[in-house]
Every structure is written in C-alpha cells, then in structure tokens.
Amino acid sequence: MPGTVITVTSGKGGVGKTTTVANVASALAMCGQRVVVVDADIGLRNLDLVMGLESRIIYDLVDVVEGRCSLQDALVRDPRQESLYLLPAAQTRDKSDVGVDQMVAICKSLAKVADYVLVDSPAGIEHGFNSAVAPADRVLIVTTSDVSALRDADKVIYLLERDWNKPPGLVVNRYNARLARDGELRDIDDILDILAVDLLGVVPDDHRIMLATDRGMPVVLDTKLRVSQAYRNIAQRIMGNNVPLMRFDSAGPLAWLMRLMGR
C-alpha cells in the first residue's frame, strides 16, 4: 500500500510553515515511520537549512525532473534519523520549472517507498501552489493568530475546497496562550470560528524554536520541551491516533494567585 502524501501550505509567508514541516517530519520518523520531505519552494530553498542538511546536497528536485540524476541519487538522508530523507529544491531555478504532472509523478514514486511524503509548498497561491497541492492525499495549512495570516489562510482554504476538493487540517503556530487569555489575541475558538476546518494541532510560541531552527536542529528532537510535545502530538494525529489537545491554561499555585490578583 503506498504511503500518504501530505502537502503543508499557508496563505501568508513567515508563519512557520517550513519549520512545521521539518519538525512534524522528524516526529513521524521518531515514531518509526519512513518519511521523505520534498521542498517544493523552488528558488527559495530553506528546508535544508532548517533540517541542517545544506552541506549534504548534491542534486535537487529540478535535476530529477530534467533527468540529470535519479530520484534516489537526489535524496539526502538525515544522519540523526535513518528513516528521514530530504528531496531539496533548486536554489537557482524558477517554480515554473516543475509542472503539476512532474510533481505528481515524483510524489507517487516516493510514496511507494515511504510511509509519509511531506511537501513543503510555497506560501500563498501564486506559482508553485498548484504543483505542490496536486499530489496531496491530505493538506495541512499553517497559520498564526494574527488577522492577516488568518485572512490569507481563509483564502487558501476556499481554493482548496473549491478547486481541489481537499479540505485541509489546521495547525495554529506560535500560539501565545497568555495574550489570548488576556483578550489581546484571538484564542483557539475564535480562530476555528473564522476558518471552520479541523484542528490538527497547536504549537505554543517558544523562542527556542527559532534558536533550534537557526542551528539546523529541529526542536522536536529535544523531547523534554513542551513545544516538542506539540509537534509529536501532531504526528500522532496524522498517524490516526487519538491524542487530546494540549492544555494551555496556567497551572500551579503561583498562576492561581496571579489570576486571583488580576495579574
């Protein structure tokens, strides 16, 4: 039985889509799944940096499409996880260099040898979006709680449902529970009222994600962190396991006292 192709996209750039791909892929591999991540953001290659694999790249996605190498030759194995591979994007080419049919064929080939193929789509709905979405069995949309990200995510959801019949799952990224609790940002219920799709996971705001990303080390590999658990929960839900959503209410006597005092 072929593996599942999951395209991860977003309406607005800068919401953490590529970081989400790297961490969810690593979390799936930690569960023993065979995973290939495909960087479909041709011309703006970043997934290799987030995964810390930039020095290992020899060939890329466009090399495969144009016949300069085999698909197997272009795959880069993550030395920290034997079952995780990257198919990098071309850095000096254009998104139009890989068509819909070519992306479908590549993902179909990868799905024969992997349990999950995660496609990192370009942000927005311009060139490359159709190619990234076409092979998907499932689509995940990543957003933050700010108004511009939600508006753009809503547009992408509309296009996915209208043109592709692929209602996406939702990942809310950089969620600041304290600001939401104080009414300064939208909470999860507000976000779901706006977007009206199934919630797959919520990733708390944590500065250690940025530090880990800058070092090419997915934060999910540090299993002691709460944010790592958020990514691992998303991976479990992707695999079909029923995992409760992470609680974001403050706990402990100090938090209770601060709430009592209105702080």
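Residues numbered from 1 in each chain as written. Predicted model: local features only at pLDDT ≥ 70, side-chain atom pairs only at ≥ 80, totals over all residues. Heavy atoms only, no water.

Caption draft 1: Highlighting the UniProt feature "binding site: ATP" (unreviewed entry) in the protein chain. Annotation from UniProt places "binding site: ATP" (unreviewed entry) at Lys-12, Gly-13, Gly-14, Val-15, Gly-16, Lys-17, Thr-18 and Thr-19. By the element assignment, Gly-14 lies in the loop between strand S1 (4-9) and helix H1 (17-30). Classification of Gly-14 by relative accessible area gives exposed; the value is 62%. Mapped onto the elements, Gly-16 comes out in the loop between S1 and H1. The exposure class of Gly-16 is buried, given its relative accessible area of 9%. Leave out the neighbours within four places in its chain, and Gly-16 touches Val-142, Asn-173 and Arg-174. (UniProt positions renumbered as here; feature names shortened; annotations may be inferred. Helix = DSSP H or I, 4+ residues; strand = E, 2+ residues; numbered from the N terminus. Buried < 20%, exposed > 50% of the residue type's maximum accessible area, 1.4 Å probe, protein only. Contact = heavy atoms within 4.5 Å.)

Caption draft 2: Here's a closer look at the pattern of salt bridges. Under the definition given, this model contains 11 salt bridges. Close ionic contact of Arg-93 with Glu-66 constitutes a salt bridge, the shortest N to O distance being 2.5 Å. Taken together, the residues Arg-93 in the loop between strand S4 (84-87) and helix H5 (100-111) and Glu-66 in the loop between helix H3 (61-65) and helix H4 (71-74) connect sequence positions 27 residues apart. Take Arg-93: its relative accessible area is 30%, and that puts it in the partly exposed class. (Salt bridge = Lys/Arg side-chain N within 4 Å of Asp/Glu carboxyl O.)

Caption draft 3: Structural detail: the pairing of S1. Of all the six residues making up S1, five are buried; the element is thus mostly covered by neighbouring parts of the structure. Relative to strand S5 (residues 116-120), S1 runs parallel, the two being bridged by five bridges. For Val-5, the partnering residue across the bridge sits in S5 and is Val-117. The sheet contact formed by S1 and strand S6 (residues 138-143) spans four bridges and is parallel. Bridge pairing in S6 links Thr-7 to Val-139. (Pairing = 2+ DSSP bridges.)

Caption draft 4: Structural detail: the UniProt feature "domain: CobQ/CobB/MinD/ParA nucleotide binding" (unreviewed entry) in the protein chain. With numbering matched to this structure, UniProt assigns "domain: CobQ/CobB/MinD/ParA nucleotide binding" (unreviewed entry) to residues 6-219. Within the segment residues 6-219, helix and strand shares are 39% and 19% respectively, and the terminal C-alpha atoms sit 21 Å apart.

Caption draft 5: Looking closely at the environment of Gln-236. Within the secondary structure layout, Gln-236 lies in helix H11 (residues 226-238). We classify Gln-236 as partly exposed; its relative accessible area is 23%. Counting along the chain gives 10 residues from Gln-236 to Met-246, while the straight-line C-alpha distance between them is 13 Å. Those residues in contact with Gln-236 that lie beyond four places of it in its chain are Cys-31, Asn-241 and Val-243.

Caption draft 6: Up close: the environment of Met-210. Mapped onto the elements of the fold, Met-210 is located in helix H10 (residues 207-214). The spatial distance from the C-alpha of Met-210 to the C-alpha of Ile-57 is 23 Å, given a sequence separation of 153 residues.

Caption draft 7: Expanded view of the pairing of S6. Among the six residues of S6, five are classified as buried, and the element is accordingly described as predominantly covered. In this sheet, strand S7 (residues 169-175) lies alongside S6 in parallel orientation, the contact comprising four bridges. Note that in S7 the partner of Val-142 across the bridge is Val-171. Taking the sense of rotation as the criterion, the β-α-β connection linking S6, helix H7 (residues 147-164) and S7 turns out right-handed. (Right-handed = clockwise from strand over helix to strand, strands pointing away.)

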